[in-house]
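Chain and residue survey
The residues making up each chain are set out below.
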Amino acid sequence: MYRAGEMRNYDVIVVGGGHAGCEAAAVAARMGARVALVSFSRETIGAMSCNPAIGGLGKGHLVREVDAFDGLIARAADAAAIHYRMLNMSKGAAVRGPRVQADRRLFARAIQAALAAQPGLDIVVGDADAIVTDPAGTVAGLKLADGSLLSAPALVLAAGTFLGGRLYRGEWSAQGGRTGERAATALGRQLRDLALPVARLKTGTPPRLDGRTIDWARLERQESDRDPWTMAPDTPRRTNPQLFCAITRTNATTHDIVRGGLDQSPLFSGAIGATGPRYCPSIEDKIHRFADRDGHQIFLEPEGLGDALVYPNGISTSLPDDIQLAMVRSIAGLEAVDIAVPGYAVEYDHVDPRCLDRRLGVRDVPGLFCAGQIVGTTGYEEAAALGLAAGANAAASALDRAPVLFDRATSYLGVMIDDLVLQGVSEPYRMLTARAEYRLRLRADNAWTRLGATAAAAGCLGEARRRALDSHRADCARANAVLDGDIGYDATRGRPRDGQRRSLGDRLALADTPFRDAAGDIPALAALAPEAIDEVESDRRYAPYLARQDAELRALAANERIAIPADFDFAAIPGLSNEMIERLTAARPETLGMTARIAGITPAALSAVLVRLKRIAA
């Protein structure tokens, strides 16, 4: 137990108890580091500060990837899940997105329990006042507001929206990173003093509704999936009662009410100048930008089993209280609704992620790592994934181990990190399946297979997960062996035979028969985990398309092996435009492959960089 005024020594300090901070602290401790997780409040660690959902398209892939490293978010989602829905179920496995509605209290409780059970991890309740560096500018620890000092050679900054945070609703504003909680103002000032590139972004949240005042009978119900999948593949079964969500829409009256209040919205009055997330705009933005639309869909999502609050997903707003109430009461099913907590916007500091390397370490401040909304992302899933990467690399740095790196060809996490550190952000970054060139390989159902070996090699897996991963690999191998055989199963079900001899897997694929359906008649398949059968089926159905990408991936790997020195001077390359020099200098790519992915860098410019590298090497 930490006591104020004590001097404590750690390997890694993590600032912030949100999704990024919790994953960073947990993975660093799993790797054997002594970790301090610093938070304003013990009770709010792991809190879901915005919507009560985990996963979705792209985001669900990230959750499964964090889970492949034995992370917290997927298991906590299952412990709290009150509604399961596999998005894009009618499409291919590569673009399906697992998503759950979670009971807020159960989710935070699961995260807190996991942290409490993690050896080597201390929770330190206090205000982070200043990052301490040695005379060489390397991280040495953290000073708290009470004067206490925590020492460590690595620090992960995961302050979420609290860094210089300010809340807005109508003409009201106040410092804070979340309603009812103060901002981390001192740290925000220090990042500017360290000459880091700091800018402002904004996000928002809708009003919370009293579900007891909603006319549910008038609304379209959306039930939880009956197929008993879980967010973490090794969760034995669903444990909570399943609730339904409901769907409604805004209408012309709603839009008139919002338009009439735009002059009182801080987004339009000039009070907020920062950019918000394009893929999750406020209702003010939607109605202003899409004036031709006669309605916008709203998902009414319950916040918990014993909680009457309902989250109206789709009407994030910072309008004044009276306009918010009039707006929601103009919507079908909500005519008599009461608002329990008004919506609001929050503007906060973030660092330009181009100042980070692939480890998520700040290049100019050795030992400092950043993760989550502080590097320009939005969403629990993006934060958790970046927290995992930053925490693993902070531990690797402190323990003198090899860095834990992710690449675009094997993970969405690699796509996100690559996008951030090379391109920077002009708005909060959201993970989308369309961002991944190799998304046919990056399915949510094969995250363990893709990343399990990397996680094990980095020391990120606990004993239980290592056993589960070994069992999954064995099941996949047995499934492939059965499917490669010639078992007498009529996969064609009455279709004409062409006389060719095919394996069982080929016959099933040709007949478009789900492998699980066939398993009921094939004991050798029926004995295997359904998740392994599904993964192997997807592998086989996508195999012809993946083979076409092999040459491209070999070229990518070759370029990634050509390293660029940290002090490489792009301005010394003849023929590069000033704009290209500016982009390359800001991103400071570490390999030729990364250089090729920077927006605006032409093939001719890439060739010029390669020629310069060869001359230096000679």
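These remarks concern the structure in this document. Please read these numbers as outputs of a predicted model, since none were measured by experiment. (Residues numbered from 1 in each chain as written. Predicted model: local features only at pLDDT ≥ 70, side-chain atom pairs only at ≥ 80, totals over all residues. Heavy atoms only, no water.)

Notes on the packing of helix α3 (residues 73-80) against helix α4 (residues 104-116)
- The contact between α3 and α4 brings their axes to 8 Å, and the two run at 140°. The angle between α3 and α4 falls in the class oblique. For the pair α3 and α4, the crossing hand works out as right-handed. When α3 is examined against α4, the residues Ile73, Ala76, Ala77, Ala79 and Ala80 are found in contact with a partner set consisting of Leu106, Phe107, Ala110 and Ile111. (Axes fitted to C-alpha atoms, helices over the stretch in contact; angles between N-to-C directions. Helix = DSSP H or I, 4+ residues; strand = E, 2+ residues; numbered from the N terminus. Parallel < 35°, antiparallel > 145°, perpendicular 65-115°, else oblique. Left-handed = near helix turned anticlockwise from the far one by under 90°. Contact = heavy atoms within 4.5 Å.)

A few points about unusual backbone geometry
- The phi dihedral of Leu360 falls on the positive side, at around 70°, and the residue is not glycine.
- We note that Asp400 has phi near 60°; this positive angle belongs to a residue other than glycine.
- Along the chain, the position of Asp400 falls in the loop between α10 (380-398) and α11 (412-423).
- Asp400 sits in the exposed class, given a relative accessible area of 72%. (Buried < 20%, exposed > 50% of the residue type's maximum accessible area, 1.4 Å probe, protein only.)

With respect to empty space enclosed by the protein
- Counted according to the given criterion, the structure contains one cavity of 30 Å³ or more.
- Considering only enclosed or pocket space, the largest cavity measures out at about 30 Å³ in volume.
- Forming the boundary of the largest cavity are His19, Cys22, Glu23, Ile73, Phe107, Ile111 and Ala384.
- Among the elements of the structure, α1 (19-30) and α4 are those that each provide at least two residues to the lining of the largest cavity.
- Considering each element in turn, the lining of the largest cavity owes the most residues, three residues, to α1.
- By residue class, the composition of the lining of the largest cavity is five nonpolar, one polar and one charged. (1 Å grid on protein atoms, 1.4 Å probe; cavity = no way out; pocket = protein on both sides within 12 Å on 5 of 7 lines; lining within 4 Å. Points joined across faces, edges and corners; volume = space filled by probe spheres on them. Nonpolar A, V, L, I, M, F, W, Y, C, P; charged D, E, K, R; others polar.)

What about the nonpolar core?
- Of all hydrophobic cores here, the largest spans 132 residues; its most connected members are Val12, Ile54 and Leu157.
- Considering every element that reaches this core, the biggest residue donor is α10, with twelve residues.
- Not counting chain neighbours up to four residues away, the residues in contact with Ile54 comprise Met48, Val63, Ile73, Ala77, Pro98, Arg99, Val100, Phe107, Met231, Tyr380 and Glu381.
- In terms of nonpolar packing, the next biggest core, distinct from the first, is built from 19 residues, Leu209, Ala246, Ile298 and Ile331 among them. (Core = buried A, V, L, I, M, F, W, Y, C linked by side-chain atoms within 4.5 Å.)

Quick look at the side chain of Gln190
- When you line up the elements, Gln190 lands in helix α5 (residues 185-193).
- Among the residues examined, Gln190 registers a relative accessible area of 14% and is labelled buried.
- For Gln190, the contacting residues outside a window of four places in its chain are Ala130 and Ile131.

Regarding helix α17 (residues 530-560)
- Across its 31 residues, α17 extends only 36 Å between first and last C-alpha, which sits more than 12% below the 45 Å expected from 1.5 Å per residue.
- Within α17, the axis deviates most sharply at Ala543, by approximately 60°, and proline Pro544 lies no more than four positions further along.
- Of all the residues in α17, the buried ones are Ala532, Ile533, Glu535, Val536, Glu537, Ser538, Tyr542, Leu546, Gln549, Leu553 and Leu556. (Expected span 1.5 Å × (residues − 1). Bend = angle between axes of the 7 residues up to and from the residue.)

Comments concerning the layout of surface pockets
- For the second largest pocket, the calculated volume is near 940 Å³.
- Forming the boundary of the second largest pocket are 33 residues, of which Arg96, Asp227, Asp445, Arg516 and Asp534 lie nearest the centre.
- Secondary structure elements with two or more residues in the lining of the second largest pocket: α12 (447-457) and α17.
- In terms of residues, the lining of the second largest pocket owes the most to one element, α17, which gives eight residues.
- Tallied by class, residues from the lining of the second largest pocket come to 13 nonpolar, six polar and 14 charged.

Structural notes on the state of the cysteines
- For the coordinates displayed, the defined rule picks out zero disulfides.
- Cys22 takes part in no disulfide bond, and the closest cysteine sulfur, belonging to Cys460, lies 17 Å away.
- In this structure Cys22 comes out as buried when scored by relative accessible area, which is 2%.
- Of the residues examined, Cys460 reaches a relative accessible area of 0% and is grouped as buried. (Disulfide = S-S within 2.5 Å.)

Structural notes on the packing of aromatic side chains
- Following the criterion strictly, the structure yields five aromatic pairs and no others.
- When the ring of Trp216 is compared with that of Phe244, the centres are 5.8 Å apart and the planes differ by 90°; the resulting orientation is edge-to-face. Residue Trp216 is located in the loop between β15 (208-210) and β16 (220-222), and its partner Phe244 is located in the loop between β16 and β17 (245-249); the two are separated by 28 residues in the primary sequence.
- Residue Trp216 is classed as partly exposed on the basis of its relative accessible area of 24%.
- Note on Phe568 and Phe570: the rings are 4.9 Å apart at their centroids and 75° apart in plane angle, and the pair reads as edge-to-face. Each of the two residues, Phe568 as well as Phe570, counts as buried.
- Residue placement shows Arg169 over the ring face of Trp172; its charged tip is 4.8 Å from the ring centre.
- One cation-aromatic arrangement involves Arg221 over Phe244; the distance from NZ or CZ to the ring centre is 3.6 Å. (Phe/Tyr/Trp six-rings, centres within 6.5 Å; stacked < 30°, edge-to-face > 60°. Lys NZ or Arg CZ within 6 Å of the ring centre and 35° of its normal.)

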